[in-house]
Amino acid sequence: MSVIEAAYIARTPKSAAMGPRAQKVMPAGDTRAAGFHTPYPLTIASATGVTLTDIDGNEYLDLSNNFTSLLHGHAYQPIVDAVSRVIGTGTAWPARNNTQVELAELICERVPSIDLVRFCNSGSEANMLALHVARTHTGRHKVLMARFGYHGSHEAFEAGYFGNTGDKAWPHTIIAPWGDADAFETELEKHGDEIAAVFLEAAMGASGLVQASPEFFQRVIDATHRAGAVFVLDEVITLRLSTGGHQVNLGINPDLTTLGKIIGGGYPVGAVGGRADLMSLLDPTRGRIFHSGTFNGNPVTTAAGVVSFNHLTSDAVTRMGAQAERLERSLAESAAGVGLPFSCRRVGSLLNVYFSDVLPAASLAREDAETMRLVHLAGMNRGLYFASRGLLVLSTVMSDENLAEMCSRFDAVFADVAAEISS
Ligand SMILES: Cc1ncc(COP(=O)(O)O)c(C=O)c1O
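Residues numbered from 1 in each chain as written. Predicted model: local features only at pLDDT ≥ 70, side-chain atom pairs only at ≥ 80, totals over all residues. Heavy atoms only, no water.

Notes on the pairing of strand β11 (residues 343-347)
In terms of burial, β11 is largely enclosed, as four of its five residues are buried. Relative to strand β12 (residues 350-354), β11 is paired through five bridges, and the arrangement is antiparallel. Bridge pairing in β12 places Arg345 opposite Asn352. Once β11 ends, the chain turns through two residues before running back antiparallel as β12, passing Gly348 with a positive phi of about 55°. (Buried < 20%, exposed > 50% of the residue type's maximum accessible area, 1.4 Å probe, protein only. Helix = DSSP H or I, 4+ residues; strand = E, 2+ residues; numbered from the N terminus. Pairing = 2+ DSSP bridges.)

Following this line, the structure appears as C-alpha cells:
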C-alpha cells in the first residue's frame, strides 16, 4: 500500500468504519457510482461555503461542488433563505406553484432556443423525457450519440458511454466519434429513417471536458434535420458557461435542451425545454405523452433554482472563468516544479486535469490512472476534495484567498505524489 493511501486510511477511521455497515445495505456501500473510489469514499457530515467536513472532522476545500450542481457552493445563504421561507409553507403540492412558474419564465427568457419547459427530478430523467418526446414526434426508436458521451443513468445512453458492446449493448443506440461531423453525417444518411434523436453534450463533461467546434455542432444539427430527427443538446453541466447556456457561446439552436443541476439550486432537478411544437406533445389537452411526476417543479427545488439561476450573472461567469484560468496556470507550475507530467482541459469554470504531457482523447480508461488515483487521495490528505476523475469545479463563493490556499495545497499534493512515485 502506498504511503498516500495509508495516510488517507489513518485520517479517516470513521469513514472506514461506515463502509462495512453501508455495504450490508447498499451495493459497495454506496448509492452513486461517480462518487465511489477505492479504498472507500468519505462519509460527509456537513458543508458550508467552500468547505466540506467529513465524519472524522477533517475539513476539505471543495472543488467538486457536487459534480457541478452547487454553483454557489454549500448552504448558500440566499438559497437557504428562499428554501426556509418555502418549507414553512408546505412540502410538495398536487398543483402548480409560484416559484415553478418563475423558474420556467427565467429559463425561457434566458435560454434562446427554449419556448416551453417541463420539469422533472434529475438530468437523467430529463434526457429520458427528451428521448420520449423525440420518439413520439418522429415515430422512430433509435438514438445517435457520441462515443463516451454522458447523458445519465439509462440503458440507451449508457450504451453510448460504455461503447454499446457486451452487457451494455442496447439495440436502439448508435454511436459515432465525438467531434467527427463526417461520421455523424454518415450514420444519419445510413440510418436516418430509424433515428428519432441525436444527443450531444455542449461539452463532454464526464469524459474529460472535450470540446467541439461550433461548425461540428451545426453540421450535426443540419444532418439531423435532413433526416427528419430531433437534435437534443445536453446542457446539464454546461448551462453555467454563460447566462443562457453554452449554446449561446456556440451560436447554435437545438430543438430540445436538457437541463439539471444548477437550475435546482443544489436540490434534485431536471428539465426539458425547446421548440413549442415539440414541447406541446406534453400538453395534456392535446399532447400524446402522459408526463407526470410527484415531485416535478416542487416548491423547494424551484425556490432554490430561481435564486441559483438569477445569481448566475455574466460577471459571475467571467470571474469564475478568470479564477479557473489562474488555477490552471498554478497547477501547471506546481507540476513542472516537481517533474510531474501535466495537462489540463478548461472550459469556463470547469477544468479536467491529466498527468500526461499530451491531452488524451475522450475515453474512460486513463493511461495516468494510477497517478490520478494518488493525486486524488493525496488531495484529500491535504484538505482538498475533487472528483476522482480529475474534474475541478469552481463556485461563485470561492474567494481569491480560497483560490490561493487551494493552489498552495495542490503544490504540496503534487510534491507528495512525485515523492511517492520516485520511491
Ligand atoms: C451531461 C450530463 N447529462 C446528464 C447527467 C445526469 O444528471 P443526473 O445525475 O442529475 O441524473 C449528467 C450528470 O452528471 C451530466 O453530466
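A word on the pairing of strand β3 (residues 59-62)
Bridge analysis of strand β2 (residues 51-54) against β3 gives three bridges, and the strand direction is antiparallel. Bridge pairing links Thr51 to Leu61 in β3. Counted along the chain from β2 to the antiparallel partner β3, the turn is four residues long, and its residue Gly57 has a positive phi close to 90°. As paired elements, β3 and strand β13 (residues 384-385) share two bridges and run parallel to each other. Directly across from Asp62, in β13, lies its bridge partner Tyr385.

Things to note about the nonpolar core
The biggest cluster of nonpolar side chains holds 38 residues, and the ones touching the most others in it are Leu63, Leu327, Leu392, Phe410 and Phe414. When residues of this core are traced back to their parent elements, those giving at least two are α1 (3-11), β3, α12 (314-337), β12, α13 (369-381), β13 and α14 (400-422). Of the residues forming this core, the biggest block, seven residues, is contributed by α14. Core analysis: the second largest hydrophobic core is formed by 29 residues, Ile174, Trp178, Ala183 and Leu188 among them. (Core = buried A, V, L, I, M, F, W, Y, C linked by side-chain atoms within 4.5 Å.)

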